[in-house]
Every structure is written in structure tokens, then in C-alpha cells.
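Architecture at a glance
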Amino acid sequence: MATPSKLSEILVVGGTGAQGNPVRQIRSPPSNSRPPINQSQRTQSSSKRDSAARQRDLHVAFRGVYGAWVNTDGFTLGEKNELFYAMRAYEIAVSEGVTHYVWANIDYALRKAGWDERYHCGHTDAKGRVGDFILAQGQAHIKSTLFTTGPYMEMLFDGMFVPEERSDGTIVWANPASDGKIPLISLLDVGAYVLWIFDNIERSAGMDLEVATDQVSFKDIVKVFTRVTGKPALHVPLPMDEYMDKAEPYPNAPVNSIGGQNRIDDESNMTWRENFTAWWRFWSEGIGATRDFALLTEILPKRIKSLEEWMYKVDYQGKRKSVLKDLEDLRATQCDAGH
């Protein structure tokens, strides 16, 4: 195993996405266990198609760093290819002597649902399998932590959870969600959790840290929204097929169609409809509502603790907004205010 002469930085792999962006923006003094966390000049994209170049680049990127936060782009790679590249990233990090490896994980839906194929969601299960693989290797050669997130609370701004407004002003969430609790995590707290992981290696090593801000059903979302804004709101449950007919990009679209020209296609890919049918089932039936909020509050006492608090904090009015742009503006406002 290579031993870096100077452990100088935290590498962020996949730092341009919704979750990676707040991780990249961490700024902190060194702790007793690691160097300063700064935006690495070696932040890596995960969208290159040249496999040989990708692996060579990872060797260079991991060399000489203290720790790494890694998030592969499953929507570009596809389920099968993400398994290979994510496992190789971990192996290369071990070979290059990285001290602490943090995998940006998602709940392994198929396993949590008791191996019921109706819950096989390709873009979450690939990450969950990799997470299981990483922890199974133990902590002798490299310290590893899973940072497990569910749907982002900011998807109420930009994504699957954006409502529509009727002509009478009623805000309507029309989707196939059941009545289970969904563990929503605000991106505003992601960076602080990741900083805690790196600062507390003696505790976080070997941990699967499942994070959420609040666990809520869509009935809860409607009630909280009306309480916060005073606006009338409804959740209209739709049959899955009716929703999918409206929501899928085009008939039989592959799930990684949003990866554009860089996407990798083969027969292992699920269709968009298959993937997100399982996605809606898993999350909205409450199968992923397994978060330990006492632990999360112990780790991050100043975390956002409820959907209501988040709505007040971001002035949520049920309008569509760009997630990354608004997060950057909100952080700038908080910094200016001394928060």
C-alpha cells in the first residue's frame, strides 16, 4: 500500500451534483485527526466514458490525500457500470493509502424490502450494494463510512416533489405516493454531517450514517405547508400508471436517459418507468423511514429538525426553483448574517 508523505486534503469525487456541491463548499480548520477541509483542486467528475482514463485519473486523484468523499453518477453510468466503477474507486483508494473513505450511499431498497423485486430500484440499489461491499471489507486497511441519504427536501423545489398550483390558488401534489413516511434530508445540512464524519473517525469508521431532516408523508407535507403559508393544499393520489404516463420522459425511456450523450446503455438498464415505480413504492410506503433522530441531533445539535423549520428557513411557497442556485444564495445570506 502506498503511503502519502503529506496528507494534505479531502478529495471530492462527483462534486458537481446537488449533494456534492455542499460537500465541496465545506471550509474548516484542521481537527486532531485530519487536515483542513477545503475545496480540492482535484475534485473529479464522474461522467467520463473512457474506463482506462477514469481508473488512471482515480489513482492520481487519490494519491496523497487524507480522505475522500465519493459519489458516482449512476444516471450516467447505469446500474451495472456503477457497481464496477464504484468498487474500483474504493479499491484504488485503498491502494493509494487514503486514510478515510466516505461513500455517498442510498438505502439498499431491494434488501430493505425483503428482496421483493417490486422494490428493485436500479439507481438506489447499485449504491446500496456498493455500500454493503465497502463495510464488508472491515476497517483494517482503510477507515470507511457510509453517508446514506434519501430524497432531498429540496426536491419540493426542483424534482419529483414539485407541486402544481390550481387557478384558485390551491397547491396540489398529484403523485402515486402511499401514506408512509419518507425520510427527507435538507441539502443545507449535508456539509455539516460530512464534516462530522471526517472529524470523528474513531466513531464514524464502520458506520452507516443514515441521515434525514424529517420523516413525513404527503399528508404531512400538505398539513405543514398550509400551516406555514396559509395556502390551501391537497395531496391527490394517482394510480401509478396514470402518473407514469405523464411523468416519464418518453415511452420506454431508459432510466439513465438524463445522462445525455455520455450515458452508457446495455440490457441491464431499467426503464425510467420501472425504476421510478419501484422508487415511489419504496419511499412512500415508509420502508426507508429507519433514521435515528436522537443520534442525528447528538451529531448535529443545530441541524434543521423538521419540515416546518425548513419551510420557514427557505421561505417555501410551493414554487419551482433551481436547487443549486438557491442553496448558494441562501448560504451567502447566512454567511453575511454571521450564521
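Before reading further, recall that the structure is shown in the block above.
The sections below set out a description of the structure shown in this document. (Residues numbered from 1 in each chain as written. Predicted model: local features only at pLDDT ≥ 70, side-chain atom pairs only at ≥ 80, totals over all residues. Heavy atoms only, no water.)

With respect to the overall build of the protein
Helix and strand counts for the protein stand at 14 helices and 10 strands. Within the protein, buried positions represent 55% of all 339 residues. A fraction of 78% describes how many contacts in the protein between residues 6 or more apart in sequence connect residues 24 or more apart. By element, 51% of the accessible surface of the protein is carried by carbon and sulfur atoms, the whole surface being about 14,600 Å². (Helix = DSSP H or I, 4+ residues; strand = E, 2+ residues; numbered from the N terminus. Buried < 20%, exposed > 50% of the residue type's maximum accessible area, 1.4 Å probe, protein only. Contact = heavy atoms within 4.5 Å. Areas by Shrake-Rupley, 256 points an atom, 1.4 Å probe, with all protein chains shown as cover.)

Here we look at the sheet that holds strand S2 (residues 67-70)
Spatially, S1-S2-S3-S4-S8 is the arrangement adopted by the 5 strands of the open sheet, whose pairing is parallel. Lying at the two open borders of the sheet, with one neighbouring strand each, are strand S1 (10-13) and strand S8 (208-210). Adjacent strand axes in the sheet meet at a mean angle of 20 degrees when their direction is disregarded. (Pairing = 2+ DSSP bridges. Axes fitted to C-alpha atoms, helices over the stretch in contact; angles between N-to-C directions.)

Points about the sheet that holds strand S10 (residues 233-237)
Read from one edge to the other, the open sheet built from 3 strands follows the order S5-S6-S10, with strand pairing classed as mixed. Among the strands making up the open sheet, the edge pair consists of strand S5 (164-165) and S10.

Overview of the packing of helix H9 (residues 218-229) against helix H13 (residues 307-314)
The interhelical angle for the contact between H9 and H13, taken along N-to-C directions, is 45 degrees, at an axis separation of 10 Å. It follows that H9 is oblique to H13 by the angle criterion. Crossing angle aside, the handedness with which H9 passes H13 is right-handed. Together, Ile221, Val224, Phe225, Arg227 and Val228 of H9 and Leu307, Glu308, Met311 and Tyr312 of H13 make up the contact between the two elements. Here the contact of H9 with H13 is built from residues that sort into 7 nonpolar, no polar and 2 charged. (Parallel < 35°, antiparallel > 145°, perpendicular 65-115°, else oblique. Left-handed = near helix turned anticlockwise from the far one by under 90°. Nonpolar A, V, L, I, M, F, W, Y, C, P; charged D, E, K, R; others polar.)

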